[in-house]
Amino acid sequence: MSDQSSMREQMQSGAGFIAALDQSGGSTPKALSLYGVEPSDYSGDEEMFRAMHDMRARIILSSDFTSEKVIGAILFERTMNDTITGKPVAELLWHDRGIVPFLKIDKGLEEQADGVQLMKPMPGLETLLEEARGKGIFGTKERSVIHEADAAGIAAIVAQQFEVGATVTAAGLVPILEPEVNIHSETKAEAEAMLEAEIARHLDALPDGVDIMLKLTLPEKAGLYDALAQHPRVLRVVALSGGYSTDDASARLAQNDHMIASFSRALTEGLQISMSDAEFDAALGGNIDKIYRASV
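Owing to the predicted nature of the structure, the values given are computational and were not obtained by experimental measurement.

Colleague: What is the right way to look at the layout of surface pockets in this model?
Modeller: By rolling a water-sized probe across the atoms, one finds the places where empty space is left. Estimates place the volume of the largest pocket at around 750 Å³. Along the wall of the largest pocket there are 31 residues; nearest its centre are Gln23, Ser27, Arg143, Ser264 and Arg265.

Encoded structure:
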């Protein structure tokens, strides 16, 4: 079986969750600060990104970070182009850890309009996708955000997600479409109902052989996305933690049988640069176990 076929099978039916290791420029300082690395500890973007890479490498090389519980990992572009212990990161993930590598491809968000934030343009996307495929990346992830239950805004956000997804599938990769719903939205439940209906409509229009994944905020109504997860064009529906604590996110996830986790903040909660390797592995292992149990 080819790597691509093995990866597809793991994403479709593997037990576990997808780790989100794709903090980009905007979210990196906060992620580092929570890890105990303050802005005064680095000078400029290069040092900041190096500190972030060191943190990611420590996670990836940790004893519990294997396909036994983690079936996929989403990488930032810099991480894809970097190495850990001398090996390209995507290669190390798949060949050494058994974890399917994905690439975050969006370039951030536009200003809010019609209650949503669309993705910014992605110049050079086809070239990036070609590079990613050459480096052993299986799929991509692209994020936009819904703040209000606005029908026009939600229609626009879903249309854009599927449009980008079509470019990704044409390049031979599997897209994870991520129209996040803000967990603090006063119309979160209404927005989620609109989003579910809009996604279903687009899924029904996809041709046979075109498969996608979805990354969605944990819904107010348990089981809301079950039908999407069982759609023949959907490999998997994964959940983002969206700012919920690990405990809260895991409890909400456990109520949604057809979703698995793709957590970022919840995965790294409590990790500190000052920890010994044994302390770090124990803390990360505890988070991994909690998220795994909620996913399966």
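Colleague: So what exactly am I meant to see when it comes to the pairing of strand E9 (residues 212–217) here?
Modeller: Regular strands place side chains that alternate from one sheet face to the opposite one. For E9, the buried fraction is high: 6 of the 6 residues fall into the buried class. Residue alternation in E9 divides its side chains into two sets, Ile212, Leu214 and Leu216 and Met213, Lys215 and Thr217, and both sets are buried. Sheet topology note: the strand E8 (residues 174–181)/E9 ladder contains 2 bridges and is parallel. Among the inter-strand pairings, Ile176 is bridged to a residue of E9, identified as Met213. A crossover links E8 with its parallel partner E9, the connecting element being helix H8 (residues 188–204), and its sense is right-handed. Here E9 pairs with strand E10 (residues 234–240) via 6 bridges, running parallel. Residue pairing across strands places Leu216 opposite Ala239, the latter belonging to E10.

Colleague: Just to check I follow, could you spell out the pattern of salt bridges for this structure?
Modeller: Going through the model one piece at a time under the given rule, you end up with 20 salt bridges. Its salt-bridge partner being Asp96, residue Lys87 comes within 2.8 Å of it at the nearest N-O pair. A cluster of three or more residues bridged by salt bridges with shared partners is formed by Lys188, Glu192, Glu220, Asp248 and Arg252.

Colleague: What's the story with the packing of aromatic side chains in this structure? I'm lost.
Modeller: Each aromatic ring pair is summarised here by two numbers: the centre-to-centre distance and the angle between the ring planes. This structure, assessed with the given rule, holds 3 aromatic pairs. Relative to Phe138, the ring of Phe102 has its centre 5.7 Å away and its plane inclined at 90 degrees; by these criteria the two rings are edge-to-face. Placement of Phe102 in strand E5 (residues 100–104) and of Phe138 in the loop between helix H6 (125–134) and strand E7 (139–146) is noted, with a sequence separation of 36 residues between them. For the cation-ring pair, Lys69 lies above Tyr292, with the distance from its terminal atom to the ring centre recorded as 5.8 Å.

Colleague: Please explain the side chain of Glu196 as it appears in this structure.
Modeller: With respect to the helices and strands, Glu196 occurs in helix H8. No salt bridge is formed by the buried Glu196; its nearest oppositely charged neighbour, Lys221, is found at 8.2 Å. Not counting chain neighbours up to four residues away, the residues in contact with Glu196 comprise Leu224, Tyr225, Ala227 and Leu228.

Colleague: Would you mind going over helix H1 (residues 3–13) with me for this structure?
Modeller: It helps to recall that an α-helix has 3.6 residues per turn; residues three or four apart then point in one direction. Of the residues making up H1, those classed as buried are Met7, Gln10 and Met11. End-on view of H1: buried residues confined to an arc of 95 degrees, all on one side of the axis. As for H1, its buried residues are in contact with strand E1 (17–21), strand E2 (70–75), helix H5 (89–97), E5, E9 and E10.

Colleague: Please explain the environment of Gly26 as it appears in this structure.
Modeller: The residue Gly26 is located in the loop between E1 and helix H2 (28–35) in this model. Judged by its relative accessible area of 75%, Gly26 is exposed. Each C-alpha atom of the pair Gly26 and Gly108 lies 8.7 Å from the other, and the pair is 82 residues apart in sequence.

Colleague: Help me understand the environment of Glu126 in this model?
Modeller: With respect to the element layout, Glu126 can be found in helix H6. Each C-alpha atom, one on Glu126 and one on Ala156, is 22 Å from the other, the two residues being 30 residues apart in sequence.

Rules used throughout
Residues numbered from 1 in each chain as written. Predicted model: local features only at pLDDT ≥ 70, side-chain atom pairs only at ≥ 80, totals over all residues. Heavy atoms only, no water. 1 Å grid on protein atoms, 1.4 Å probe; cavity = no way out; pocket = protein on both sides within 12 Å on 5 of 7 lines; lining within 4 Å. Points joined across faces, edges and corners; volume = space filled by probe spheres on them. Buried < 20%, exposed > 50% of the residue type's maximum accessible area, 1.4 Å probe, protein only. Helix = DSSP H or I, 4+ residues; strand = E, 2+ residues; numbered from the N terminus. Pairing = 2+ DSSP bridges. Right-handed = clockwise from strand over helix to strand, strands pointing away. Salt bridge = Lys/Arg side-chain N within 4 Å of Asp/Glu carboxyl O. Phe/Tyr/Trp six-rings, centres within 6.5 Å; stacked < 30°, edge-to-face > 60°. Lys NZ or Arg CZ within 6 Å of the ring centre and 35° of its normal. Lys, Arg positive; Asp, Glu negative; His and termini not counted. Contact = heavy atoms within 4.5 Å. Arc of directions from axis to C-beta.

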